[in-house]
Amino acid sequence: QVQLVESGGGLVQPGGSLRLSCAASGSLCSFYTMGWYRQAPGKQRELVADITTGGNTDYKDSVKGRFTISRDNAKNTVYLQMNSLKPEDTAVYYCKAQHPLVEYWGQGTQVTVSS
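Residues numbered from 1 in each chain as written. Predicted model: local features only at pLDDT ≥ 70, side-chain atom pairs only at ≥ 80, totals over all residues. Heavy atoms only, no water.

1. Regarding the nonpolar core
Grouped together as the largest cluster of nonpolar side chains are 26 residues, with contacts concentrated most on M34, W36, L80, M82 and Y93. Setting aside chain neighbours within four positions, we find M82 in contact with G16, S17, L18, L20, R66, F67, Y93 and V111. (Core = buried A, V, L, I, M, F, W, Y, C linked by side-chain atoms within 4.5 Å. Buried < 20%, exposed > 50% of the residue type's maximum accessible area, 1.4 Å probe, protein only. Contact = heavy atoms within 4.5 Å.)

Printed below as a string of structure tokens:
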């Protein structure tokens, strides 16, 4: 089975940084568009950033210039570097692998931005 495991979440002060990692089983990242989504309490899950197999990226407007998504296909891992974090970024962050026929989700990792 395909499995995605996120890590790197935690508590950080406003203005701080975190780097999230999503490790995929097998060679998953080589064949899928990978994305980071987040869901805050009482809110719907939303796209934060994604990256195609060709390396093209897309970001939610509110994180542009602060977040960077990248992938290392050799390591079957996708990253989300988050800088200049704001309290509004507090959410559970989920990794997604998107294949034309199937999508897979990680279990989520909590990011809390608070003083």
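Next comes the rest of the description.
2. Details of the sheet that holds strand β3 (residues 18–24)
As summarised here, the arrangement of the 4 strands in space is β1-β3-β8-β7, forming an open sheet in which the pairing is antiparallel. Each end of this open sheet is capped by a strand with a single partner; those strands are β1 (4–7) and β7 (67–72). Adjacent strand axes in the sheet meet at a mean angle of 15°, parallel and antiparallel pairs treated alike. One ladder, built from 6 bridges, connects β7 with strand β8 (residues 77–82); its direction is antiparallel. (Pairing = 2+ DSSP bridges. Helix = DSSP H or I, 4+ residues; strand = E, 2+ residues; numbered from the N terminus. Axes fitted to C-alpha atoms, helices over the stretch in contact; angles between N-to-C directions.)

3. What to know about the state of the cysteines
Summed over the entire model, instances satisfying the criterion amount to 1 disulfide. Covalent S-S linkage joins C22 and C95, the inter-sulfur distance amounting to 2.1 Å. Judged by the sign of its S-S torsion, about -85°, the cystine formed by C22 and C95 is left-handed. Placement of the pair is C22 in strand β3 and C95 in strand β9 (residues 91–98), with a sequence separation of 73 residues. In this structure, C22 and C95 share a single accessibility class: buried. (Disulfide = S-S within 2.5 Å.)

4. Concerning the pattern of salt bridges
Using the criterion set out here, one finds 6 salt bridges in the structure. As a salt-bridge pair, D89 and R38 come within 3.0 Å of each other at their nearest N and O atoms. Taken together, the residues span a long stretch of sequence, with D89 in the loop between β8 and β9 and R38 in strand β4 (residues 33–39) at a distance of 51 residues. The exposure classification of D89 matches that of R38, with both residues buried. Note that D61 is salt-bridged to K64, the shortest N-O span being 3.0 Å. The class of D61 is exposed, set by a relative accessible area of 61%. Within the structure, one salt-bridge network assembled from shared partners comprises R38, E46, K60, R66 and D89. (Salt bridge = Lys/Arg side-chain N within 4 Å of Asp/Glu carboxyl O.)

5. Some remarks on the packing of aromatic side chains
Two descriptors summarise a pair of aromatic rings, namely the distance from one centre to the other and the angle between the planes of the rings. Within this structure, the stated rule accounts for 3 aromatic pairs. Each ring, one from Y32 and one from Y104, has its centre 5.9 Å from the other, and the planes form 75°; the classification is edge-to-face. Of the two residues, Y32 is situated in the loop between β3 and β4 and Y104 in strand β10 (residues 103–105); the sequence distance between them amounts to 72 residues. Judged by relative accessible area, which is 10%, Y32 ranks as buried. Among the aromatic residues, those joined into a ring-pair cluster are Y37, Y94 and W105. (Phe/Tyr/Trp six-rings, centres within 6.5 Å; stacked < 30°, edge-to-face > 60°.)

6. Brief notes about the pairing of β3
Among the 7 residues that make up β3, 5 are buried, leaving the element largely enclosed by the rest of the structure. Sheet topology places β3 next to β8; 6 bridges connect them, and they run antiparallel. From the neighbouring strand, C22 faces β8, where its bridge partner is V78.

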